[in-house]
Amino acid sequence: QVQLVESGGGLVQAGGSLRLSCAASRRTFSDYALGWFRQAPGKEREFVAFITWSAGYTNYADSVKGRFTISRGNAENTVYLQMSSLKPEDTAVYYCATGSSYASKVGSNYPYWGQGTQVTVSS
């Protein structure tokens, strides 16, 4: 089994910053992607950002572009999500996931998921 563990969630005021981290137990693909998704109460899971390991190619949802930054950790199978200028609508459980480099923005393409970490942004 592949395990992923997220950390760094918490409660912040609007305009604040938070840094999420994720560590996977091992590499699963020769060329893989690490992605962040989120799910707000009563809402469907939505794509946030992903990064491909080899090329470092990144992509962001329009709702977070310019505010969130995804980056690779020093060790393989690690990823960070730096969130700034947080808004109440960013409140959600944030999940990290890993899949092949073709997984892109589609959550169903990622076979391995973490347990999630809660991010709450107050007004």
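Bear in mind that the values here come from a model prediction, so they are computed numbers and not experimental data. The residue count restarts for each chain, going from 1 along the sequence in the order it is written. Only residues with pLDDT of at least 70 get local features here, since the model is predicted, and only at 80 or more are side-chain atom pairs given and counted; chain-wide, interface and lining totals rely on the full set of residues. Think of the side-chain values as coming from all heavy atoms in the structure, minus any hydrogens and water.

Buried Ala, Val, Leu, Ile, Met, Phe, Trp, Tyr and Cys residues form a nonpolar core when they are joined through side-chain atoms within 4.5 Å. Only protein chains enter the accessibility calculation, which uses a 1.4 Å probe. A residue is then buried if its area is under 20% of the maximum for its type, exposed if over 50%, and partly exposed in between. Counting residues in hydrophobic clusters, the biggest one holds 35 residues, and the most contacted among them are Trp36, Val48, Phe68, Ile70, Leu81, Met83 and Tyr94. For helices the rule is a DSSP run of H or I covering at least 4 residues; for strands it is a run of E covering at least 2, with both sets numbered from the N terminus onward. Counting residues per element, the ones that place at least two in this core are β3 (18-24), β4 (32-39), β5 (46-52), β7 (68-72), β8 (78-83), β9 (92-100) and β11 (117-122).

A word on the environment of leucine 11. Positionally, leucine 11 belongs in strand β2 (residues 10-13). Along the sequence, leucine 11 and glutamine 118 sit 107 residues apart, while their C-alpha atoms lie 8.3 Å from each other. Note on contacts: a residue pair qualifies if any of its non-hydrogen atoms lie within 4.5 Å across the two residues. Residues contacting leucine 11, with those up to four places away along its chain left out, are Thr120 and Ser122.

Quick look at unusual backbone geometry now. Excluding glycine, residues mostly have negative phi values, and the peptide bonds linking residues are mostly trans. If you check the backbone angles, serine 85 has positive phi at about 50 degrees while not being a glycine. Tracing the backbone shows serine 85 in the loop between β8 and β9. For serine 85, a relative accessible area of 40% gives the class partly exposed. Phi is positive for serine 104, which is not a glycine, with a value near 60 degrees.

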